[in-house]
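Coordinates in review
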Amino acid sequence: MQLESSELKKLVEQVLNEMTSGNTEKVKEEVINKVQQTNNITSDSNIEEGCIEDITETDLKTQLLVENPADREGYLKMKQNTPARIGVGRAGVRYKTLSSLRFRADHAAAQDAVFSYVSDEFLNEMGLFTVQSKCKTKDEYITRPDLGRKINEEGIDLIKEKCKMNPTVQILIADGLSSSAIEANLKDILPSIVQGLKGFNIDIGTTFFVKLGRVGVMDHVSEITNAEVTCLLVGERPGLVTAESMSAYIAYKAKVNMPEARRTVISNIHKGGTSAVEAGAHIAELIKTMLEKKASGIELKA
């Protein structure tokens, strides 16, 4: 508990007076006694224990903060069809406190998704070994995209040592711009893809994880393993709607510096978009089509 301003003023005056008189021992004693009194007051106070409600658990599509809406049901129906922040109300010309706090909480989650790492425990649980791009830190990863598109020398050696060469399909995972997306979706999407490919009797290579990897890293891995089709599961750039969205980039005989138009992309994979299990089944069917037509990207639609 803090001292009242009047008490503090009185104590300061007393200290100055005592210091002027040269009686430092008395000053020391008085200060110690005052601190002890304050500590006793604090220790005797009742401290209420509990937890604050997690506002991020609230589904924004069900939350209506407009006071006395003319058409409440119509408003809520409209919110069900968009992730945009509508119906948040206002206090004067500003957001309401709850809306402002939720905005800051979602922004913090987006930042955490970018700057955090996929845990070693999670990767071990998934049975994945790890290689790293040529980026050494998160800061370098963000400022040097080119380095995130290549595996470092140690990683190349590890891939050659542990991976099946010349696979029909090579699956790899990269953190990308959201480590949260990997931990939120991989347990569901990876088994779904594998099960679908096995159902089509399609050969699968050795799946692994790339730390600090960009989309283009799949091209380098394709050249190293000589895969016919390469499938990269990567964390998307997070936003205020979700920080857990994943994308799948798939290419037939990917090569370094190939046109981006040769990639087929499935995005918005998360619990509020395309579910991981559904996306996995679709990816397996898409790979089967690529192998049959020997094409990907815009060439697949030609």
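The preceding data block contains the structure.
First, a word on what this report is: a plain description of the structure on this page. These numbers were taken from a predicted model, which means no experiment stands behind them.

**Here we look at the overall build of the chain**
- Across its full length, the chain holds 11 helices and 6 strands.
- A burial count over the chain gives 39% of its 302 residues as buried.
- Sequence separation of 24 or more characterises 69% of the internal contacts of the chain that already satisfy a separation of 6 or more.
- Carbon and sulfur atoms make up 50% of the accessible area of the chain, which totals about 17900 Å².

**Points about the packing of aromatic side chains**
- Within this structure, the stated rule accounts for 1 aromatic pair.
- The interplanar angle of 20° and the centroid separation of 5.2 Å between the aromatic rings of F129 and F208 together place this pair among those described as stacked. Taken together, the positions of F129 in the loop between α5 (120-125) and β1 (130-132) and F208 in strand β3 (residues 208-211) put the pair 79 residues apart, joining distant regions of the chain.
- Look at F129 and you get buried, because its relative accessible area is 13%.
- A residue is classified by how much of its surface remains accessible, and F208, at 0% relative accessible area, is buried.
- The side chain of R214 reaches across the aromatic face of Y141, ending 4.3 Å from its centre.

**Overview of helix α4 (residues 97-115)**
- With 19 residues, α4 extends 27 Å from end C-alpha to end C-alpha; this agrees with the ideal 27 Å at 1.5 Å per step.
- Of all the residues in α4, the buried ones are S99, R102, D106, A110, A113 and V114. The buried side chains of α4 occupy one side of the element, clustering within an arc of 115° when seen end-on. Among the exposed residues of α4, those oriented more than 90 degrees off its buried face are T97, R104 and D112.

**As for the pairing of β3**
- Where β1 and β3 come together, 3 bridges link them in parallel fashion. Directly across from Q132, in β3, lies its bridge partner K211.
- Bridge count between strand β2 (residues 169-174) and β3: 3 bridges; the pairing is parallel. Residue pairing for β3: A174 is matched across the bridge by V210.
- In this fold, β2 hands off to helix α8 (residues 179-199), which returns the chain to β3; that crossover is right-handed.

Rules and cut-offs
Residues numbered from 1 in each chain as written. Predicted model: local features only at pLDDT ≥ 70, side-chain atom pairs only at ≥ 80, totals over all residues. Heavy atoms only, no water. Helix = DSSP H or I, 4+ residues; strand = E, 2+ residues; numbered from the N terminus. Buried < 20%, exposed > 50% of the residue type's maximum accessible area, 1.4 Å probe, protein only. Contact = heavy atoms within 4.5 Å. Areas by Shrake-Rupley, 256 points an atom, 1.4 Å probe, with all protein chains shown as cover. Phe/Tyr/Trp six-rings, centres within 6.5 Å; stacked < 30°, edge-to-face > 60°. Lys NZ or Arg CZ within 6 Å of the ring centre and 35° of its normal. Expected span 1.5 Å × (residues − 1). Arc of directions from axis to C-beta. Pairing = 2+ DSSP bridges. Right-handed = clockwise from strand over helix to strand, strands pointing away.

Don't take any of this as a statement about function, it's just geometry.
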